[in-house]
Amino acid sequence: VRMPVADKNEERDMAATSGWNRKWSKGLGALLVLFQCVMIGFIVGEIVLSRQQMDMVVGQHDKNSETSSYRRHYALIMEQPEEQSREEIFEGCLEEGKETGAYVELMGEGLDGDYSRIELARIAIAAQVDGIILEAEETEEYQNVIREAQQEGIPVVTVVNDCVDSQRKSYVGVGGYSLGREYGRQIIKLATKKNREVLILLDASTDDSTQNIICNGIKETLTNEGNHLQLDLEIKSVDGRSAFNADESIREMLIDMEELPDFIICLNEKNTVSVYQAMVDYNIVGQVYVLGYYTSDTILQAVNKNIISATIAVDYRDMGRRCVDALNEYLDTGYVNGFFLMEGNAVTETNVKEYLEDASKTEE
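What you see is a predicted model; the values in this text were computed from it and never measured.

Draft legend 1. Representation of the side chain of Thr221. Locating Thr221 in the fold gives a position in helix 6 (residues 209–225). Residue Thr221 is classed as buried on the basis of its relative accessible area, which comes to 1%. Within polar-contact distance, the side chain of Thr221 engages the backbone oxygen of Gly217 at 2.7 Å. Apart from residues no more than four positions distant in its own chain, Thr221 is found in contact with Gly180, Arg181, Gly184, Arg185, Ile188 and Gly226.

Structure representation (structure tokens):
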């Protein structure tokens, strides 16, 4: 059967168009890859330039001392580094780094754009830093980026949140089980036969096994030491992507409750401050026992006013120092302890003034 001429022409046009589309797709893909490479190169260039400038600054600052420049460059990568607890980690890293000849750079600071921790870790790898301190998560994505660092000979120490099934060299954080036991003991001290409901607030924005370990510590302590109280535990997740999200999530939660719980347990700084503010705004102070986390000035003042019944104190500055120590030890010897766990201490109305005095001395 003969094909009409018009159909043949149409077939040729379609083939030409299809071929052009394939070439355009390939060309567009190549352009995107090239753009990504240029962007990473630009960012790495910024970091290298920053490092060269820091060499000059350190040399000028310490030219009268024995050490005129740092010998190692570490990258610190954290979620929400503006939080006071994270600032203390950074300060501890800087202090220990200064004493041991290591410059610790807070990755992302001074860069245009909002980069994820994974992206910042890859930028640090490309910049060939000597070590990385990373607030990680228990995900395959973090396992992969830690492996990439290992392949480049860059040791990784995880901080605050661990990534157990990875090639990280050490983890510096809070002992979750002992922290849970401390929460449990504070509940037992405050609880009466009238208290029944305990609400534990988790951070939904992080895949962190430490939260689950804390909850297990609370449950087992209440079972073993407070079984006479017959408390009911409920666990809810809070949108913790930012302080604003945490505020909104907790306020909606409290509004929707038919009856307030007897205890609210907060496992991080954001949730503690959000619960405290909501209690004041909704005039429910004294109706709920709040057990918080961390010792910012706001939280300590709330404990002092008996709005928050107790909070857990952790030395985050020392945590930062231990991160730098762990990297130094591994690079010097090839070995390092796999875990450095910090203890948490309860701050209540009986000892809060000591913490407030220490905080005021630190500010001075």
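Draft legend 2. Examining the nonpolar core more closely. Counting residues in hydrophobic clusters, the biggest one holds 76 residues, and the most contacted among them are Tyr183, Ile187, Leu201, Ile265, Tyr293 and Met319. Tallying contributions element by element places helix 10 (residues 316–333) first for this core, with 6 residues. If you look at the next biggest cluster of nonpolar residues, it comprises 22 residues, including Ile77, Leu111, Ile132 and Leu134.

Draft legend 3. The packing of helix 5 (residues 176–190) against helix 6, seen in detail. Helix 6 packs onto helix 5 with a crossing angle of 45 degrees between their chain directions and a minimal axis gap of 7 Å. As summarised for this structure, helix 5 and helix 6 are arranged oblique, according to the angle between their axes. Pair helix 5 / helix 6 crosses with right-handed handedness. Where helix 5 approaches helix 6, its residues Gly176, Tyr177, Leu179, Gly180, Arg181, Tyr183, Gly184, Arg185, Ile187 and Ile188 are matched on the opposing element by Thr210, Ile213, Ile214, Asn216, Gly217, Ile218, Glu220, Thr221, Leu222 and Glu225. For the contact of helix 5 with helix 6, a count of residues per class yields 9 nonpolar, 7 polar and 4 charged.

Draft legend 4. Expanded view of the packing of aromatic side chains. Following the criterion strictly, the structure yields 5 aromatic pairs and no others. An angle of 35 degrees between the planes, with centres 5.3 Å apart, marks the rings of Tyr70 and Tyr103 as tilted. Residue Tyr70 is found in the loop between helix 1 (5–61) and strand 1 (72–77), and its partner Tyr103 is found in strand 2 (residues 102–106); the two are separated by 33 residues along the sequence. By relative accessible area, Tyr70 is classed as buried at 11%. Centre to centre, the rings of Phe263 and Tyr289 are 5.0 Å apart; their planes meet at 25 degrees, and the pair counts as stacked.

Draft legend 5. View of the sheet that holds strand 10 (residues 310–313). Reading across the sheet, the 6 strands line up as 7-6-8-9-10-12 and stay open at both edges, with mixed pairing between neighbours. Each edge of the open sheet is held by one strand with a lone partner, namely strand 7 (232–238) and strand 12 (345–347). Each adjacent strand pair in this sheet contributes to an overall mean axis angle of 20 degrees, direction not counted. Examined bridge by bridge, strand 8 (residues 263–266) and strand 9 (residues 289–293) share 3 bridges and lie parallel to one another.

Draft legend 6. Seen up close, the packing of helix 8 (residues 269–281) against helix 9 (residues 297–304). At a minimum axis separation of 10 Å, helix 8 and helix 9 run at an interaxial angle of 50 degrees. With respect to their mutual orientation, helix 8 and helix 9 come out oblique. For the crossing formed where helix 8 meets helix 9, the hand is left-handed. Two secondary-structure elements touch here, helix 8 through Glu269, Thr272, Val273 and Tyr276 and helix 9 through Thr298, Ile299 and Ala302. Its residues assigned to classes, the contact of helix 8 with helix 9 comprises 4 nonpolar, 2 polar and 1 charged.

Draft legend 7. Focus on the confidence of the model for the protein chain. The predicted model of the protein chain has a mean per-residue pLDDT of 84, with 80% of residues at 70 or higher. Per-element mean pLDDT across the protein chain ranges from 50 in helix 1 up to 98 in strand 3 (residues 131–134). Ignoring residues within four places in sequence, the model shows residues 1–6, a span with pLDDT below 50, making 1 contact including any to other chains. Considering only residues more than four positions removed or in separate chains, one finds that residues 48–68, a stretch of pLDDT under 50, has 14 contacts.

Draft legend 8. Here's a closer look at the side chain of His73. Tracing the backbone shows His73 in strand 1. Using a relative accessible area of 1% as the deciding quantity, one classes His73 as buried. In this structure the side chain of His73 is engaged in a polar contact, spanning 2.8 Å, whose partner is the side chain of Glu105.

Draft legend 9. The environment of Cys93, seen in detail. Inspection of the secondary structure assignment puts Cys93 in helix 2 (residues 84–100). As for Cys93 and Glu105, which are separated by 12 residues in sequence, their C-alpha atoms are 9.2 Å apart. Each residue touching Cys93, except ones within four places of it in the same chain, is listed here: Leu76, Val104, Ile133, Gly320, Arg321 and Val324.

Draft legend 10. Broad picture of the sheet that holds strand 2. Across the sheet, 6 strands lie side by side as 2-1-3-4-5-11; this open sheet has parallel pairing. In the strand order of this sheet, the two ends are held by strand 2 and strand 11 (339–342), each with one partner. Neighbour to neighbour, the strand axes of the sheet diverge by 15 degrees on average, direction disregarded. In the sheet, strand 3 pairs with strand 4 (residues 156–159) via 3 bridges, with the strands oriented parallel. Each residue of the ladder has a partner; that of Leu134, found in strand 4, is Thr158. Along the sheet face, helix 4 (residues 140–151) touches strand 3 and strand 4 and points at about 165 degrees away from the line of strand 3.

Each value, and the rule that gives it
- Residues numbered from 1 in each chain as written.
- Predicted model: local features only at pLDDT ≥ 70, side-chain atom pairs only at ≥ 80, totals over all residues.
- Heavy atoms only, no water.
- Helix = DSSP H or I, 4+ residues; strand = E, 2+ residues; numbered from the N terminus.
- Buried < 20%, exposed > 50% of the residue type's maximum accessible area, 1.4 Å probe, protein only.
- Polar contact = N/O pair within 3.5 Å; in protein donor to acceptor, adjacent residues only side chain to side chain.
- Contact = heavy atoms within 4.5 Å.
- Core = buried A, V, L, I, M, F, W, Y, C linked by side-chain atoms within 4.5 Å.
- Axes fitted to C-alpha atoms, helices over the stretch in contact; angles between N-to-C directions.
- Parallel < 35°, antiparallel > 145°, perpendicular 65-115°, else oblique.
- Left-handed = near helix turned anticlockwise from the far one by under 90°.
- Nonpolar A, V, L, I, M, F, W, Y, C, P; charged D, E, K, R; others polar.
- Phe/Tyr/Trp six-rings, centres within 6.5 Å; stacked < 30°, edge-to-face > 60°.
- Pairing = 2+ DSSP bridges.
- pLDDT = per-residue confidence, 0-100.

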